[in-house]
There are 4 protein chains.
Amino acid sequence: MSRTGPRRSESVRLAVLHAADDLLVERGFAGLTIEGIAQRAGVAKQTIYRWWKSKVDILLDTLADDAREALQWRTDEAAGVEENLAAQLRRVADFFEAPAGRVLQALLGHAQLESDTAAALRAGFLKEQRERDVAGLRDLLARDLERAVDDRTLGHLADLLLGPLYYRVLVFGAPIDEELVDSTTRLVLTLAREASPKVP
Amino acid sequence: MSRTGPRRSESVRLAVLHAADDLLVERGFAGLTIEGIAQRAGVAKQTIYRWWKSKVDILLDTLADDAREALQWRTDEAAGVEENLAAQLRRVADFFEAPAGRVLQALLGHAQLESDTAAALRAGFLKEQRERDVAGLRDLLARDLERAVDDRTLGHLADLLLGPLYYRVLVFGAPIDEELVDSTTRLVLTLAREASPKVP
Amino acid sequence: MSRTGPRRSESVRLAVLHAADDLLVERGFAGLTIEGIAQRAGVAKQTIYRWWKSKVDILLDTLADDAREALQWRTDEAAGVEENLAAQLRRVADFFEAPAGRVLQALLGHAQLESDTAAALRAGFLKEQRERDVAGLRDLLARDLERAVDDRTLGHLADLLLGPLYYRVLVFGAPIDEELVDSTTRLVLTLAREASPKVP
Amino acid sequence: MSRTGPRRSESVRLAVLHAADDLLVERGFAGLTIEGIAQRAGVAKQTIYRWWKSKVDILLDTLADDAREALQWRTDEAAGVEENLAAQLRRVADFFEAPAGRVLQALLGHAQLESDTAAALRAGFLKEQRERDVAGLRDLLARDLERAVDDRTLGHLADLLLGPLYYRVLVFGAPIDEELVDSTTRLVLTLAREASPKVP
DNA sequence: TGATAACCGAGACGGTACGTCCTGTCTTCCT
DNA sequence: AGGAAGACAGGACGTACCGTCTCGGTTATCA
């Protein structure tokens, strides 16, 4: 059965996402309201409710657009494994300084308060990002160790690698410094080599 | 000049803290309202506002009462350094399953959304806990290495030690398993020994 | 530019006015609250505040709807001037026994306490009623005296006519009796005839 | 049974009455609160509640002190009856311009809203004032008519005399002008002479 | 000359209503 | 059908006073 009438307006979608982003930066999460977004975007409230369930849903949308690329693992074949790993951690550090990182931070915060947010965030963005992190780590270690590392171990290594960075940001609200990046990198590599000794 | 008139009622204070604690567990942070707390505690709203600025302020108070002891470093002289360290991490893991841990989790979440909360939490509980963590780690390593470790290094070691645990809880909402405790413990001890080699 | 969106609901308006009227009679002015009206009318508080500034504003609205007719001057051509005048005063007396009269009484009371109420009441209902009273009196006297009476005199006659009635109600809270109606009527007619003697 | 301890402090009583009076003038009846009076008088709230039941009770107290004298009937033997009567009405007019008159006006207003206030005001001040008015009128008419007027008629004459003045003040909030005083005076004297014709 | 009872200041407390803000649903009209 | 405008029921907010109460400190009278 065919349908009639105009389709979803892309300009409305973008206006809402940008308004939400701007207001989050300007007034913080608590000052972010559906009514405020509607007004700023020059859009009716009902239009927002038609396409998104809540302000969290809007933010998840902005995250999907912005964060994926910033946290992608990139390999520089010319550089060593340690440099590549450290570079990825630096990307994480930079991400948290950027607007998209603030969005993730807010969503992670909200996820502690609302299980719906937690479920949506974990089933979507965080799950995908976890997969990218594990895959990126696997590839890098494979180059270093010349053998595959099992997934279980990879998971723990990822926790050890990223945990201290998120801890800094989420718990202390402090920027991630170079020294933390370096020591974390070295530590994880050490453990990886121990756990999966190169076949002589 | 001495105060006259009735003093602050301790029973009111406790009724409010317990009501807040209970409601947080029952209904979550979003379902926690000043009016709800007042009703549950059998207290007038104004009485709450007289002593606390917000529901966050109340939770900070419950945390101060409950969390300090649960996260205290305890040394078992009979056991080795590694066992002591692992036991402390297990205490952290258990804490996050307990009601007081839920309070901290909610507050950490809210701290991502409101800078006031962040400032209060960091200036109060987190600062003290950080000091306890660093001091506990210092004492433990001193026993192991038979020499003092400088504060800067201790700070990084604390990040590496606790980061992965908080990451698990805050980002993935998953319980901290034994394996993570063990690998984190070993890793940090390895790094500590490398960084501060025992004088021969 | 034409308006879009839903219009003001007439049923809501009436529900509020009736609820206010009922509650004023049941519980008196002090027991009349916006929250009470909202609850009785099955309406949200905000809906009331959207259209009225205060409970006084609501009562002014009920007055406009109810009192105009009750205090209208009516001429019975068959009857004499004195009978017509007395009939009008009896209408005033009856009005103060009816619910709408209670509303006016309450508003007059409140007008002594709040200058805003006084200004609104006087600029609205009282001004119109005064005009009706003066006009009614003018017509009646014209019939009796066969000549026009000047406005200044009419004003004073209206004061002398209505003053004693309001005095009874407002100051002594007592009902207006037939004797007061009669003596006031006679008195005013006497004075009117003196002041504007029939041209011989 | 005898009692011990300090007696009621007169300075406290006066401080409260003055504070109430001042605040009534400054902020109006709605802005007059027990807490405000207590603060302004430098007195504890409980002290007020010990001696007065409500703010209305306080105002009744100030009225008793101030109004009695202002509304007292005074006879100037040298002047005629009409002049004496007009002088009394002028006293009423002046009274409503003075602070004590404002208090009575506020209390009369409140009496329309709360039956307790109405009862207290009518059983106290208004009853006494009514008696003074009737007695004053009786004396004056006795001089004029050279015979006594019965109480029933006197009551109606008092209504006709004072009603228009109160009507002006309470309903229109306008000052009582000389013309109203004069016509009311003449009118009432006319009626009195008609009703009780001098024995020839 | 104490004891003791009332007065008084300060202000905590359980309440009620205030007026505001935002939510999510809905209705109306326009394109 | 999509969208702007915005009315509506509802719920929580933080504030202002109410009237009651508990504290200490301070008189004044009477034993």
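Thresholds, definitions, all that
Residues numbered from 1 in each chain as written. Chains lettered and ligands numbered in written order. Predicted model: local features only at pLDDT ≥ 70, side-chain atom pairs only at ≥ 80, totals over all residues. Heavy atoms only, no water. Contact = heavy atoms within 4.5 Å. Buried area = accessible area lost by both parts, 1.4 Å probe. Salt bridge = Lys/Arg side-chain N within 4 Å of Asp/Glu carboxyl O. Helix = DSSP H or I, 4+ residues; strand = E, 2+ residues; numbered from the N terminus. Nonpolar A, V, L, I, M, F, W, Y, C, P; charged D, E, K, R; others polar. Least-squares fit on C-alpha atoms with pLDDT ≥ 70 in both. Near = heavy atom within 4 Å. Polar contact = N/O pair within 3.5 Å; in protein donor to acceptor, adjacent residues only side chain to side chain. Phe/Tyr/Trp six-rings, centres within 6.5 Å; stacked < 30°, edge-to-face > 60°. Buried < 20%, exposed > 50% of the residue type's maximum accessible area, 1.4 Å probe, protein only. Lys NZ or Arg CZ within 6 Å of the ring centre and 35° of its normal.

Draft legend 1. How the structure looks around the interface of chain B and chain A. Between chain B and chain A, the residue contacts involve 39 residues of the former and 39 residues of the latter. Of the roughly 3,600 Å² buried between chain B and chain A, counting both surfaces, carbon and sulfur atoms make up 64%. Interface area lost by chain B to chain A is led by Leu113(B), Tyr167(B) and Leu187(B), which between them contribute 19%. There are five salt bridges connecting chain B and chain A. Measuring nitrogen to oxygen at the nearest pair gives 2.9 Å for the salt bridge that ties Arg168(B) to Asp159(A). Those elements that place two or more of their residues in the side of chain B that touches chain A are helix H6 (99-111), helix H7 (115-145), helix H8 (151-172) and helix H9 (178-195) of chain B. Looking at the side of chain B that touches chain A, the element that brings in the most residues is H8(B), giving 15 residues. Of the residues assigned to the side of chain B that touches chain A, the class counts are 19 nonpolar, ten polar and ten charged.

Draft legend 2. Region of the structure containing the relation of the copies chain C and chain D. Structural alignment of chain C on chain D gives an RMSD of 0.3 Å, achieved by rotating through 180° and translating 0.1 Å along the axis. Here the copies are linked by what is in effect a two-fold axis. Considering only C-alpha atoms, the part of chain C nearest the rotation axis is Gly109(C), at 1.8 Å. Mapped onto chain D, 100% of the interface residues of chain C are again interface residues, and the two copies thus contact each other with one and the same surface.

Draft legend 3. Structural view of the protein's contact with DNA strand E. Near DNA strand E you find 47 residues, and of these Glu35(A), Gln46(A), Thr4(B), Trp51(B) and Tyr49(C) are the closest. Among the atoms of DNA strand E close to the protein, meaning within 4 Å, 55% are from sugar or phosphate groups. In the environment of DNA strand E, a phosphate oxygen lies 2.8 Å from a nitrogen or oxygen atom belonging to the backbone of Ser9(D). Here a phosphate oxygen of DNA strand E sits 3.0 Å away from a polar atom, N or O, in the side chain of Thr47(D). Contributions of two or more residues to the surface near DNA strand E are made by helix H2 (34-41) and helix H3 (45-51) of chain A, helix H3 (45-51) of chain B, helix H2 (34-41) and helix H3 (45-51) of chain C together with helix H3 (45-51) of chain D. Ranked by residues supplied to the surface near DNA strand E, first place goes to H3(D) with five residues. Here the surface near DNA strand E is composed, by residue class, of 14 nonpolar, 19 polar and 14 charged.

Draft legend 4. Layout of the protein's contact with DNA strand F. Surrounding DNA strand F, one finds 49 residues, the nearest of these being Pro6(A), Tyr49(B), Trp51(C), Gln46(D) and Tyr49(D). Near the protein, meaning within 4 Å, the atoms of DNA strand F are sugar or phosphate in a fraction of 55%, with bases accounting for the rest. A distance of 3.5 Å separates a phosphate oxygen of DNA strand F from a polar atom in the backbone of Gly42(C). The side chain of Trp51(C) places a nitrogen or oxygen atom 2.6 Å from a phosphate oxygen of DNA strand F. Put simply, the parts of the chain that give the surface near DNA strand F at least two residues each are H3 of chain A, helix H2 (34-41) and H3 of chain B, H3 of chain C together with helix H2 (34-41) and H3 of chain D. The residue makeup of the surface near DNA strand F, split by class, is 14 nonpolar, 21 polar and 14 charged.

Draft legend 5. Focus on the interface of chain C and chain D. Taken residue by residue, the interface counts 39 residues in chain C and 39 residues in chain D. Both faces combined, the contact of chain C with chain D buries some 3,600 Å², and carbon together with sulfur accounts for 64% of it. When residues of chain C are sorted by the area they lose upon contact with chain D, Leu113(C), Tyr167(C) and Leu187(C) head the list and together hold 19% of the total. On inspection of chain C and its partner chain D, the count reaches four salt bridges. Here chain C is connected to chain D by 13 residue pairs in polar contact (both at pLDDT 80 or more). The element contributing the most residues to the side of chain C that touches chain D is helix H8 (residues 151-172) of chain C, with 15 residues. Counted by class, the side of chain C that touches chain D contains 19 nonpolar, ten polar and ten charged residues.

Draft legend 6. Highlighting the packing of aromatic side chains. Summed over all chains, the structure comprises 16 aromatic pairs over all chains. Ring centres 5.2 Å apart and planes at 85° place the aromatic pair Phe96(A) and Tyr166(A) in the edge-to-face group. Separated by 70 residues along the polypeptide, Phe96(A) in helix H5 (residues 81-97) and Tyr166(A) in helix H8 (residues 151-172) bring together distant segments of the chain. The exposure class assigned to Phe96(A) is buried, which follows from its relative accessible area of 4%. Its relative accessible area of 6% is what places Tyr166(A) among the buried residues. With a centroid separation of 4.9 Å and 50° between ring planes, the pair formed by Tyr167(C) and Tyr166(D) is classed as tilted. Of the two residues, Tyr167(C) sits in helix H8 while Tyr166(D) sits in helix H8 (residues 151-172), which places them in two different chains. The buried category is assigned to Tyr167(C), whose relative accessible area is 3%. Following the ring pairs from residue to residue traces out a cluster consisting of Phe95(A), Phe96(A), Tyr166(A), Tyr167(B) and Phe172(B). A cation sits over an aromatic face here: Arg8(A) above Trp52(A), 5.0 Å from the ring centre.

Draft legend 7. Seen up close, the environment of Ile37(D). Residue and element names in this part refer to chain D. Mapped onto the elements of the fold, Ile-37 is located in helix H2. Distance from Ile-37 to Leu-161, taken between C-alpha atoms, is 37 Å for residues 124 residues apart in sequence. Among residues more than four places away in sequence, those in contact with Ile-37 are Val-16, Ala-19, Ala-20, Leu-23, Leu-32, Ile-48 and Ile-58.

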